[in-house]
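# Summary of the model geometry
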Amino acid sequence: MPDHVLFVCHANLCRSPMAEYLARRALAGRPVTVASAGTDAVEGLPMHPYAADIAAETGEDPTDFRSRRLRAEYLVEATLVLTATRRQRSVCTALAPSVLHRTFTLRQFGRLAEAAEPPGDPAGDPLRAAVEAAARARGRLQPAAPGADDLRDPIGGTAADFRRCAEEIERSIRPLAALIVATG
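Residues numbered from 1 in each chain as written. Predicted model: local features only at pLDDT ≥ 70, side-chain atom pairs only at ≥ 80, totals over all residues. Heavy atoms only, no water.

Right, let's talk about the packing of helix α6 (residues 126-137) against helix α7 (residues 159-183) for a bit. Orientation of α6 relative to α7, taken along the N-to-C sense of each, is 115°, at an axis distance of 8 Å. Compared by their axis directions, α6 and α7 come out roughly perpendicular. At the point where α6 passes α7, the crossing takes the right-handed sense. Of the residues in α7, those in contact with P126, L127, A129, A130, A133 and A134 of α6 are L176, L179, I180 and T183. Of the residues assigned to the contact of α6 with α7, the class counts are nine nonpolar, one polar and no charged. (Axes fitted to C-alpha atoms, helices over the stretch in contact; angles between N-to-C directions. Helix = DSSP H or I, 4+ residues; strand = E, 2+ residues; numbered from the N terminus. Parallel < 35°, antiparallel > 145°, perpendicular 65-115°, else oblique. Left-handed = near helix turned anticlockwise from the far one by under 90°. Contact = heavy atoms within 4.5 Å. Nonpolar A, V, L, I, M, F, W, Y, C, P; charged D, E, K, R; others polar.)

Have a look at this one:
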């Protein structure tokens, strides 16, 4: 089974679906699957229209996307859990404490991945090696300001607000993709 990244936000309508689609494009050709869920999601809702527009730009059709409520099994199955906010990271680790060391906010992981030193021998598991390398970098970086790890929710905003959120997601995903390439 390929490695698996799970993106988590509040309702699984905006941030985590955009991250899912943007990461799928960034990680194309790698043995990594990507999914998303929401801590407070209502099951079965379509993606927000502005988020769907951004997801469609990845070349995939988001028409069939449906929101999913976060479940412990989704967390346990994931090699890496990336949340939109610190609150959602806390919800994830409370729901499945065993995922503590592989659960980060998306922005936090992006910073850690940029600072990480790729391992010499990933033993055929580049995502797991990337997660371990980023976790080791945690001890070398100064803590971020409170809120610097949170990804602003664009819900209720304009298409431009969604675009800014997507750009922040992409800035945070690029170091993850680069670290996976470097380890694999």
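Still more ground to cover, so stick around.
Two elements in contact, helix α2 (residues 49-56) and α7, have axes separated by 9 Å at closest approach and are oriented at 50°. For the element pair α2 / α7, the angle class is oblique. Between α2 and α7 lies a crossing whose hand is right-handed. On the side of α2, the interface is formed by Y50, A51 and I54, while α7 contributes A159, F162, R163 and A166. Here the residues of the contact of α2 with α7 are counted per class, giving six nonpolar, no polar and one charged.

This part covers the pattern of salt bridges. In this structure the tally under the stated criterion is 14 salt bridges. Between D40 and R87 there is a salt bridge; the shortest N-O distance is 3.4 Å. In this pair, D40 sits in the loop between β2 (32-38) and α2 while R87 sits in helix α4 (residues 86-95), placing the two residues 47 residues apart along the sequence. Taking the relative accessible area as the measure of exposure, R87 reaches 48% and is therefore partly exposed. For D149, the salt bridge goes to R111, with nearest N and O atoms at 2.4 Å. With D149 in the loop between α6 and α7 and R111 in helix α5 (residues 106-115), this pair connects stretches of sequence that are 38 residues apart. Using a relative accessible area of 9% as the deciding quantity, one classes D149 as buried. With relative accessibility at 30%, the residue R111 sits in the partly exposed group. Ionic contacts of the salt-bridge type, sharing partners, join the residues D3, D125 and R128 into one network. (Salt bridge = Lys/Arg side-chain N within 4 Å of Asp/Glu carboxyl O. Buried < 20%, exposed > 50% of the residue type's maximum accessible area, 1.4 Å probe, protein only.)

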